[in-house]
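# Structure assessment
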Amino acid sequence: MIIDGKEISGQIKKEVRDRAEELKSRGVEPALAVVLVGSDPASAVYVRNKKKACEACSIRSESYELPEETTQEELLALIAELNEREDIDGILVQLPLPKHIDEQTVTEAIRPEKDVDGFHPVNVGKLSMGLPGFVSCTPAGVIQMLKRSGVEITGKECVVVGRSNIVGKPMAMLLLLENGTVTVCHSRTKNLSEVTRRADILVAAVGKPKFFHADDIKEGAVVIDVGIHRMEDGHLCGDVDYADVAPKASLITPVPGGVGPMTIAMLMHNCVESAARRCHE
Ligand code: NDP
């Protein structure tokens, strides 16, 4: 059985839109500032998709497309201005940034209350303490997929492969908050396949195409594939060899149409949540 990320993200976007309309009727128009530095083609596509999603969700987007040679000071000045603006609820700086700009400094310059990507150390700290704050969109989307597909997390063996700050670590934290028994694997993990075969819920976020095969999976496991790779023939694939693993899994996310669409849906969700705070909710 497939966990359909397109359908679930569609539901979430509809909920976000209803909430945005309701906020508008109370005089608050949710707004996201999207900042792009340079002309990386992949980043330009991501930014375009985020702006389109804003439109679909009744969120106003403001776009700042800055030249490659923008200095760190100039970018920080823009962020400072957006931080101060009452009518901006979320600030998103598309990564990666050009090499002369320090991403950590920029991430930390965004006010945590407007950090709808959930990358600011304050939001990361809140997540690890189980306090409310913005959560990185991809792992937050995975939790929604599991919940909305009726997957029970409490007490389950959850294995996350990957420990990046934007996917693996927050994913592990969220599964822990949902009472899973969580193991995090990475490139130094020994006998990886032995560990993944214990998983009732496996989250693959290794960034390697078709890395996991049927032998790495327990019969009946729920398999969440976060990876996205473009193959030579132009098709997309994930970190999981879908054709091999799907018959053995009880539920699996496809690529494309799995985790991918969830990330933007959760970004939109974070924006309206931020706007709701303007109503002191
Ligand atoms: P990173 O490259 O930052 O992290 C990859 C992780 O996998 C690292 O922790 C690394 O370990 C681990 N790893 C690498 N090789 C192995 C191995 N052989 N065995 C075990 N662990 C290994 O990637 P991200 O977390 O940013 O992204 C992961 C995947 O998800 C990518 O394919 C990316 O494109 C995709 N992605 C998809 C999104 C979506 O919207 N669907 C959003 C974000 C990412 P170590 O720490 O030891 O180096």
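Criteria and cut-off values
Residues numbered from 1 in each chain as written. Predicted model: local features only at pLDDT ≥ 70, side-chain atom pairs only at ≥ 80, totals over all residues. Heavy atoms only, no water. Domains from an automatic or database assignment. Near = heavy atom within 4 Å. Polar contact = N/O pair within 3.5 Å; in protein donor to acceptor, adjacent residues only side chain to side chain. Areas by Shrake-Rupley, 256 points an atom, 1.4 Å probe, with all protein chains shown as cover. Nonpolar A, V, L, I, M, F, W, Y, C, P; charged D, E, K, R; others polar. Pairing = 2+ DSSP bridges. Helix = DSSP H or I, 4+ residues; strand = E, 2+ residues; numbered from the N terminus. Core = buried A, V, L, I, M, F, W, Y, C linked by side-chain atoms within 4.5 Å. Buried < 20%, exposed > 50% of the residue type's maximum accessible area, 1.4 Å probe, protein only. Contact = heavy atoms within 4.5 Å. Phe/Tyr/Trp six-rings, centres within 6.5 Å; stacked < 30°, edge-to-face > 60°. Salt bridge = Lys/Arg side-chain N within 4 Å of Asp/Glu carboxyl O. Expected span 1.5 Å × (residues − 1). Right-handed = clockwise from strand over helix to strand, strands pointing away.

## Thoughts on the domain arrangement of the chain
Each domain of the chain was delimited in the assignment, giving domain 1 (27–111) and domain 2 (137–260). The C-alpha-based centres of domain 1 and domain 2 are spaced at 29 Å.

## What about the site of the ligand?
Lining the immediate surroundings of the ligand are 22 residues, of which R163, S164, H186, S187 and T263 lie closest. Between the ligand and S187 there is a distance of 2.5 Å, counted from an oxygen atom to a side-chain nitrogen or oxygen. For the ligand, an oxygen atom lies 3.4 Å from a polar atom in the backbone of V226. Relative to its unbound accessible surface of 920 Å², the ligand loses 70% to contact with the protein. Broken down by class, the residue content of the shell around the ligand amounts to nine nonpolar, ten polar and three charged.

## Let's talk about the sheet that holds strand β5 (residues 181–185)
With respect to topology, five strands assemble into an open sheet ordered β5-β4-β6-β7-β10, the strand pairing being parallel. Strands at the two margins of the open sheet, each flanked by one partner only, are β5 and β10 (251–252). Pairing between strand β4 (residues 157–161) and strand β6 (residues 201–204): four bridges, direction parallel. Counted as the bridge partner of C158 is I201 from β6.

## Notes on the nonpolar core
L32, I59, L146, L175, I224 and M268 are the most contacted members of the largest nonpolar core, which has 53 residues in total. Considering each element in turn, this core owes the most residues, eleven residues, to helix α10 (residues 259–276). Structurally, this core is a two-domain feature, drawing no fewer than three residues from each of domain 1 (27–111) and domain 2 (137–260). If near-sequence neighbours (up to four positions away) are discounted, L175 is found in contact with I143, L146, I153, C158, V160, G180, V182 and V203.

## Focus on the packing of aromatic side chains
Taken as a whole, this structure holds one aromatic pair when the rule is applied. Between F211 and F212 the ring centres are 5.0 Å apart and the planes differ by 85 degrees, which places this aromatic pair in the edge-to-face class.

## A look at the side chain of S136
Mapped onto the elements of the fold, S136 is located in the loop between α5 (121–129) and α6 (137–148). With a relative accessible area of 4%, S136 lands in the buried category.

## Some details on the pattern of salt bridges
A full pass over the atoms with the stated rule returns 16 salt bridges. Between E65 and K51 there is a salt bridge, with its nearest N and O atoms 3.0 Å apart. With E65 in strand β2 (residues 60–66) and K51 in helix α2 (residues 41–56), this pair connects stretches of sequence that are 14 residues apart. For E65, a relative accessible area of 51% puts it in the exposed group. Assessed through its relative accessible area of 23%, K51 is described here as partly exposed. R60 is paired through a salt bridge with E62; the nearest N and O atoms lie 2.7 Å apart. A residue is classified by how much of its surface remains accessible, and R60, at 23% relative accessible area, is partly exposed. Note on E62: relative accessible area 17%, which makes it buried. Salt bridges sharing partners connect three or more residues here, namely E29, R60, E62, R85 and D87.

## Digging into α10
The α-helix winds at 3.6 residues per turn, so residues separated by three or four positions along the chain end up facing the same way. End to end, α10 covers 26 Å across 18 residues, agreeing with the expected 26 Å (1.5 Å per residue, within 8%). Burial runs high along α10: 13 of the 18 residues are buried.

## Quick notes on the pairing of β4
Buried residues dominate β4, accounting for four of its five residues. Two elements, β4 and β5, share five bridges in a ladder whose sense is parallel. Within β5, the residue paired with C158 across the bridge is V182. You can see the chain leave β4, run along helix α7 (residues 168–177) and come back into β5, and the turn it takes is right-handed.

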